[in-house]
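Spelled out, the chains give:
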Amino acid sequence: MRIYIDGKFYDEKNAKVSVFDHGLLYGDGIFEGIRAYNGRVFKLKEHIDRLFYSAKAILLTLPLSHAEIMRAVVATCRRNKVHNGYIRLVVTRGIGTLGLNPNSCKQPSVIIIAGKIQLYPQGYYKNGLEIITVPTVRNLHSALNPAIKSLNYLNNVLAKIEANNGGCEEAIMLNAEGFVAECTGDNVFIVKAGQLLTPPLSAGALYGITRSVVMELARESGLAVAEPNLTRYDLFNADECFLTGTGAEIIPVVKIDGRIIGTGKPGPVTARLVTKYHALTNVSGEPIYS
Ligand code: PMP
């Protein structure tokens, strides 16, 4: 595997960042998780847009233009012959002093890793996932806004540990008010009385690219979509529930906190959206890189 760091490619052994990089010292930086399908990078523009929004929010000036980052992502996929895979794009604040002041960091670093994707085991897609609500609440948007896809993922990591301790792969995270925010690495949706519902971004959810795509696919197929505040009660009494994310795609949820959701099996609306999502990602035709 050849890893892109600041315009050059390195093999895995030599792909290194400084111990003085504030990405390491303080989690000061941003990232994107992106997928490639059939030699095309899925929703690349949207991911780079979100990277720029995250950068703006943390006052980080990206060293490359939008178009240059897009080209670097595609070049890294081509170099590694990644036709179907996962791309991790990381921008760190760069090398500075031991103090946390970002002013000591003169040059942000851009890192791109293109490799294989670790999906949830196939059985979960067929039979659905069991998840639990965890005690760690999602970061306050007035403290560290979850809309910023920052390198500081400890909030999510703690929730993931709690999910694992409870025997689950994913966790529902509530916000400080007790409304449903999202999962540790996925957005959450429910289907209720023919409507598709997902928490608003203001509840503490990431502006998920898969979330937007699924909302668009639902609207196209005549399903009403809304973004109300949701409580655990709403999840428990949903007809269907599923999670969305670049890595996970769309994964059905059949049990939450011991409550069976709907029939206890992945539902028909979820199945329809999965089919539509696959149709979108499995576009045939000329790959943009080979
Ligand atoms: N929420 C969190 C906290 C995430 O980290 C992610 C992405 N891994 C998502 C939601 C899903 O976002 P996307 O569909 O853009 O991958």
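Here we summarise the structure given alongside this text. Bear in mind that the values here come from a model prediction, so they are computed numbers and not experimental data.

How each quantity is defined
Residues numbered from 1 in each chain as written. Predicted model: local features only at pLDDT ≥ 70, side-chain atom pairs only at ≥ 80, totals over all residues. Heavy atoms only, no water. Near = heavy atom within 4 Å. Polar contact = N/O pair within 3.5 Å; in protein donor to acceptor, adjacent residues only side chain to side chain. Areas by Shrake-Rupley, 256 points an atom, 1.4 Å probe, with all protein chains shown as cover. Helix = DSSP H or I, 4+ residues; strand = E, 2+ residues; numbered from the N terminus. Expected span 1.5 Å × (residues − 1). Buried < 20%, exposed > 50% of the residue type's maximum accessible area, 1.4 Å probe, protein only. Arc of directions from axis to C-beta. Contact = heavy atoms within 4.5 Å. Axes fitted to C-alpha atoms, helices over the stretch in contact; angles between N-to-C directions. Parallel < 35°, antiparallel > 145°, perpendicular 65-115°, else oblique. Left-handed = near helix turned anticlockwise from the far one by under 90°. Nonpolar A, V, L, I, M, F, W, Y, C, P; charged D, E, K, R; others polar. Salt bridge = Lys/Arg side-chain N within 4 Å of Asp/Glu carboxyl O.

1. Some points on the site of the ligand
Here's step 1: Not every one of the 17 residues close to the ligand is listed here, only the nearest: Tyr153, Glu182, Ile209, Thr210 and Thr246.
Here's step 2: Here Lys149 contributes a side-chain N or O atom positioned 3.2 Å from an oxygen atom of the ligand.
Here's step 3: Starting from 400 Å² of accessible surface for the ligand in isolation, the protein chains cover 93%.
Here's step 4: Counting only elements with at least two residues in the shell around the ligand, the list comes to α6 (209-220) and β13 (240-245).

2. Focus: helix α8 (residues 268-281)
Here's step 1: Over its 14 residues, α8 runs 20 Å from end to end, which matches the ideal 20 Å to within 8%, given 1.5 Å per residue.
Here's step 2: Among the residues of α8, those classed as buried are Val269, Thr270, Leu273, Tyr277 and Thr281. Seen from one end, α8 has its buried residues packed into an arc of 100°, which puts them on one side. Among the exposed residues of α8, those pointing more than 90 degrees away from its buried face are Pro268, Thr275 and Ala279.
Here's step 3: Residues of α8 that are buried make contact with β3 (29-37), β10 (187-192), β11 (195-197), α6, β13 and β14 (249-256).

3. Regarding the packing of helix α2 (residues 44-57) against helix α3 (residues 66-79)
Here's step 1: The geometry of α2 relative to α3 is characterised by a closest axis approach of 10 Å and an angle of 125° between their N-to-C directions. In terms of orientation, α2 lies oblique with respect to α3. The way α2 lies across α3 gives a crossing that is right-handed. On α3, the residues touching Leu44, Lys45, Ile48, Asp49, Leu51 and Phe52 of α2 are His66, Ile69, Met70, Val73 and Val74.
Here's step 2: Classifying every residue of the contact of α2 with α3 gives eight nonpolar, one polar and two charged.

4. With respect to the pattern of salt bridges
Note on pairing: side chains with opposite charge can pair once their charged atoms come close.
Here's step 1: A full pass over the atoms with the stated rule returns seven salt bridges.
Here's step 2: Of the charged contacts, one joins Arg138 and Glu182 as a salt bridge, the two residues approaching to 2.6 Å between their closest N and O atoms. Pair noted here: Arg138 is in the loop between β7 (129-133) and α5 (154-165) and Glu182 is in strand β9 (residues 180-183), with a separation of 44 residues, a long-range link. For the pair formed by Arg138 and Glu182, the shared burial category is buried.
Here's step 3: Where Arg232 meets Asp257, a salt bridge forms, and the shortest distance between an N and an O atom there is 2.8 Å. Of the two residues, Arg232 sits in helix α7 (residues 232-236) while Asp257 sits in the loop between β14 and β15 (259-260), which places them 25 residues apart along the sequence.

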